[in-house]
Amino acid sequence: MSISFISHPKIRPGTIEERVYQKDLAAKCLESSTLVVLPTGLGKTVIATLAIAGILEQGKSALVLAPTKPLVEQHYTTMCDFFVDVKIGVMNGNTHSSERVQIIKNNDIIVCTPQVINNDLKNEKYDLSRFGLIVFDEAHRAIGNYAYVNIASYSHSLSMGITASPGSNKSKMKEVCQNLNIRKVEYRNANDSDVTPYTFGIHVEKIFVNLPNDIKKSIGLLDETMNPYLKSLKYLGFLDSDKFTSVKHMLLIGEIIRKRISESKSRDSSIIRGLIAQSVCIKIQHAINLVGTQGTTTLRSYIKKVNESTNRVSKLISSSSPYKELQNILRKTKIEHPKFGQIMQLVNDRIKENNSSKIMIFSQYRETCELLTNKLSRIYGARVTKLIGQSNGGLKQKEQIRLLNDFRSGVFNILVSTSVGEEGLDVENTDMVIFYEPVPSVIRTIQRKGRTGRKNFGRVFVLIARNTADEIFEEINQEMERNMKNNMEFLNTWIRNEHTEKQLHLSDY
């Protein structure tokens, strides 16, 4: 089948393949402020480009916002590749304010992090009147005090939100649409008839692992450490049972206790005891989740912090007999989590099968990323690097950009990443993605999966430790993904009703 390309005076010939669904979605974005929800790899950036081309034809400018410097750099490079005879400016927090004013004035398209625009608007450096369209990449971030929210409040332009998922919480989804002045939601998935010709398929496989005895013993000893404090919470009337329910429930108990403390005129010792017990339970449950889902190395790192802490809660934990016994096990054991062996096997088999493969592995924790990077480096043919965030001595954004470019170009064939590698980054030829653990977020899950299946068939492996938080998080995600389409329909109905009510209200005057 011959490929036809978009023909447009503002778009470089032969750069954008003509796809009906992308043209249709771009046209709808020019009719009214629209949230485009599309699986990763199906061309949200192309749709934004086509919409921007339409705005430029009207003699207006466009503003493209992305939450991180690597994403801004990626969008800027893409826009420079796609557009012809168009002035494109890029800026971030390192760009001087006087220079930013000139960039805004002298360019047709501005690509920028939102914090910069937000600060400039607050300081009245310029306004947004010259922009006919503002593109909000990763639009699901437009909640709370995030910079997108304030920028949209200054704007009378068309808003175009793009995301792989606006989330599963209906109130937050409504908040995103309200904050970005959205009038319509356009949703496509890989099974829609106008999309399927361009999808390559992703096979998702769950791999369940059983915990070794030393990890089971560690969990048992942590349970013993926690039990007296659960009993105390039950005795004080904060729990119906002396069994741990969930971290979410325990956090809610903490809010209730703190509210009672703030409302109490006298210092009630039973309430203080309840707060201490709740804090102990949260810390210990976190330790249980760490060893059950990550392994002994990550638990050792956490326990070291508990032991070095001088606060009352940490001292209570470290003085417990079962906790001391746990430390003895951790000193002696050489057992790591069985997930490591599974990943080593998956990666080794894949590289043997195809030494030009690219593999991404996601983990929540830096300690796990470090351990995975070291272990995988021993595999013949593996060229491994890790991608972590900036905080606490991590990688600066320039280093992140360099590593991603090296991964794209084949300098590295395995990228081990924390959540910083989930969002929006375009790595076309990744043919395998491995989740070290499930994450309790439909947005993050969709983004992780979307790193593969872009240019060829992709495989996703999700590692799940039996009888741990992994199983709970995977179940949550399955339910969230099942509800995705219903949520899109709900959003459009809600937006229509909201808009109708506003029109009726205005007609009263």
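See the structure above.
Per chain, residues are indexed from 1 in the order of the written sequence. Residue-level local features of this predicted model are given only where pLDDT is at least 70; pairs of side-chain atoms are given and counted only at 80 or more, and the full residue set underlies all totals for whole chains, interfaces and linings. Note that water and hydrogens are dropped before the side-chain values are worked out from all heavy atoms of the structure.

Asker: Whenever I open this one, the nonpolar core confuses me. Can you help?
Answerer: For soluble globular proteins, the rule of thumb is that nonpolar side chains tend to be buried together. Put simply, buried Ala, Val, Leu, Ile, Met, Phe, Trp, Tyr and Cys residues joined by side-chain atoms within 4.5 Å make one nonpolar core. Partly exposed residues are those whose accessible area sits between 20% and 50% of the maximum for their type, while under 20% is buried and over 50% is exposed, using a 1.4 Å probe and protein chains only. If you look at the biggest cluster of nonpolar residues, it comprises 61 residues, and the most contacted ones within it are Ile-343, Val-347, Ile-361, Leu-376, Ile-414 and Ile-434. The way it works is that DSSP assigns letters per residue, a run of H or I at least four long becomes a helix, a run of E at least two long becomes a strand, and they are numbered from the N terminus. In terms of residues, this core owes the most to one element, helix H10 (residues 269–293), which gives eleven residues. Contacts of Ile-414, omitting those with residues within four sequence positions, involve Val-347, Ile-351, Ile-359, Ile-361, Leu-376, Ala-382, Arg-383, Val-384, Thr-385 and Phe-407. Judged by nonpolar contacts, the second largest core, of 40 residues, contains Met-173, Cys-177, Tyr-187 and Met-488. When checking whether two residues touch, look at their non-hydrogen atoms; a contact exists if any pair is within 4.5 Å.

Asker: Just to check I follow, could you spell out the sheet that holds strand S10 (residues 384–387) for this structure?
Answerer: Backbone-to-backbone hydrogen bonds join strands into a sheet, with any given pair of strands oriented parallel or antiparallel. Pairing is parallel across the open sheet formed by six strands, whose spatial order is S8-S13-S12-S9-S11-S10. Only two strands of the sheet have a single partner each, and these edge strands are strand S8 (202–209) and S10. Ignoring which end each strand starts from, the neighbouring axes of this sheet average 20 degrees apart. Strand pairing is assigned whenever DSSP identifies at least 2 bridges connecting the two strands. Relative to strand S12 (residues 432–435), strand S9 (residues 359–362) runs parallel, the two being bridged by four bridges. Counterpart to Met-360 in the pairing with S12 is Val-433. Fitted lines through C-alpha atoms give the axes, limited to the stretch in contact for helices. The angle between two N-to-C directions lies from 0 to 180 degrees. Along the sheet, helix H17 (residues 442–449) makes contact with S8, S9, S12 and strand S13 (458–465), crossing S12 at roughly 145 degrees.

Asker: Explain the environment of Arg-12 to me, please; I cannot follow it from the model alone.
Answerer: Residue position: Arg-12 is located in the segment before helix H1 (20–29). Separated by 68 residues in sequence, Arg-12 and Cys-80 have C-alpha atoms that sit 9.4 Å apart. Setting aside chain neighbours within four positions, we find Arg-12 in contact with Cys-80, Asp-81, Phe-82, Phe-83 and Val-84. Side-chain atoms alone can form a polar contact between residues adjacent in sequence; in general such a contact is a pair of N or O atoms within 3.5 Å, and within protein one must be able to donate a hydrogen while the other accepts it. Reaching out from Arg-12, the side chain makes a polar contact with the backbone oxygen of Phe-83 at a distance of 2.8 Å.

Asker: Explanation requested: the pairing of strand S11 (residues 414–417) in the structure shown.
Answerer: In summary, the side chains of a regular strand alternate between the two faces of the sheet. Residues of S11 alternate between two faces, with Ile-414 and Val-416 on one and Leu-415 and Ser-417 on the opposite face, all of them buried. Sheet topology places S9 next to S11; four bridges connect them, and they run parallel. Paired with Ile-359 across the bridge in S11 is Ile-414. Across four bridges, S10 lies against S11 in parallel orientation. When the bridges of S11 are listed, Thr-385 appears paired with Leu-415. Looking down the strands as they point away from the viewer, one classifies a crossover as right-handed if the path from the first strand across the helix to the second runs clockwise. In this view, the connection linking S10 to its parallel neighbour S11 by way of helix H16 (residues 397–409) has right-handed handedness.

Asker: Just checking my understanding: could you explain the state of the cysteines for this structure?
Answerer: In a disulfide, the sulfur atoms of two cysteines are covalently bonded to one another. For this text, the term disulfide refers to a pair of cysteine sulfurs within 2.5 Å. This model, assessed by the stated rule, comprises zero disulfides. Take Cys-29: it sits in no disulfide, and the sulfur closest to it among the cysteines is that of Cys-177, at 13 Å.

Asker: So what exactly am I meant to see when it comes to the environment of Leu-330 here?
Answerer: Relative to the elements of secondary structure, Leu-330 occurs in helix H13 (residues 321–332). Residues Leu-330 and Tyr-154 lie 176 residues apart in sequence; the distance between their C-alpha atoms is 55 Å. For Leu-330, the contacting residues outside a window of four places in its chain are Ser-218, Thr-296, Leu-299, Arg-300 and Ile-303.

Asker: Before we go on, may I ask you to explain helix H2 (residues 44–57) in this structure?
Answerer: The periodicity of an α-helix, 3.6 residues per turn, causes residues three or four places apart in sequence to face the same way. Expected span, for any helix, means 1.5 Å times one less than how many residues it has. With 14 residues, H2 should cover 20 Å at 1.5 Å per step; its first-to-last C-alpha distance of 20 Å lies within 8% of that length. Counting buried positions along H2 yields twelve of 14 residues, so the element is predominantly enclosed. Of the residues one or two after H2, Gly-59 is the one with positive phi, at around 80 degrees.

Asker: Just to check I follow, could you spell out the environment of Gly-167 for this structure?
Answerer: Relative to the assigned elements, Gly-167 resides in the loop between strand S6 (158–163) and helix H7 (170–179). Placed 274 residues apart in sequence, Gly-167 and Ser-441 show a C-alpha to C-alpha distance of 7.7 Å. Among residues more than four places away in sequence, those in contact with Gly-167 are Met-173, Val-442, Ile-443 and Asn-487.

Asker: Sorry if this is basic, but what is going on with the sheet that holds strand S3 (residues 88–91) here?
Answerer: Read across the open sheet, the seven strands follow the order S3-S4-S2-S5-S6-S1-S7; overall the sheet is parallel. Both outer strands of the open sheet, S3 and strand S7 (184–187), are each paired with one neighbouring strand and no more. Across the sheet, the mean angle separating the axes of adjacent strands is 15 degrees when strand polarity is ignored. In the sheet, strand S2 (residues 61–65) pairs with strand S4 (residues 109–112) via four bridges, with the strands oriented parallel. Looking across to S4, one finds that Ala-62 is bridged to Ile-109.

Asker: Looking at this structure, I do not really get the pattern of salt bridges. What am I missing?
Answerer: A pair can form between side chains of opposite charge whenever their charged atoms are brought close. Salt bridge, as used here, is a side-chain nitrogen of Lys or Arg placed within 4 Å of a carboxyl oxygen of Asp or Glu. Tallied over the full model, the rule gives 14 salt bridges. Arg-188 serves as the salt-bridge partner of Glu-186, at 3.3 Å between the closest nitrogen and oxygen. Across the pair, exposure class does not vary: Glu-186 and Arg-188 are buried alike. The partner of Glu-370 in a salt bridge is Lys-386, with the nearest N and O atoms 3.2 Å apart. Pair noted here: Glu-370 is in helix H15 (residues 366–376) and Lys-386 is in strand S10, with a separation of 16 residues, a long-range link. What makes Glu-370 partly exposed here is its relative accessible area of 35%. Here the residues in one salt-bridge network are Lys-28, Glu-186 and Arg-188, joined through shared partners.

Asker: In this structure, what is going on with the packing of helix H9 (residues 247–263) against H10? I would like to understand it.
Answerer: Relative orientation and spacing of two packed helices are given, respectively, by the angle between their axes and the distance between those axes. Where H9 contacts H10, the axes come no closer than 10 Å and their chain directions differ by 160 degrees. By the criterion of interaxial angle, the relationship of H9 to H10 is roughly antiparallel. The two elements H9 and H10 meet at a crossing, and its hand is left-handed. Mapping the contact onto sequence places Val-247, Met-250, Leu-251, Ile-253, Gly-254, Ile-257, Arg-258, Arg-260 and Ile-261 in H9 and Ile-271, Ile-272, Gly-274, Leu-275, Gln-278, Cys-281, Ile-282, Gln-285 and Asn-289 in H10. Angle categories are assigned with fixed cut-offs, so that under 35 degrees is roughly parallel, over 145 is roughly antiparallel, 65 to 115 is roughly perpendicular, and the rest are oblique. Crossing handedness follows the turn of the near helix against the far one: under a right angle anticlockwise gives a left-handed crossing, and clockwise gives a right-handed one.

Asker: Whenever I open this one, the packing of helix H5 (residues 114–122) against helix H6 (residues 147–154) confuses me. Can you help?
Answerer: Following both chains from N to C, one finds H5 and H6 inclined at 45 degrees, their axes separated by 9 Å at the closest point. One element, H5, and the other, H6, form an angle in the oblique class. For H5 against H6, the interelement crossing comes out left-handed. Contact with H5, carried on its side by Pro-114, Gln-115, Ile-117, Asn-118, Leu-121 and Lys-122, involves Ala-147, Tyr-148, Asn-150, Ile-151 and Tyr-154 of H6 and no other residues of that element. Amino acid classes used here: Ala, Val, Leu, Ile, Met, Phe, Trp, Tyr, Cys and Pro are nonpolar; Asp, Glu, Lys and Arg are charged; the rest, including Gly, are polar. Classifying every residue of the contact of H5 with H6 gives seven nonpolar, three polar and one charged.

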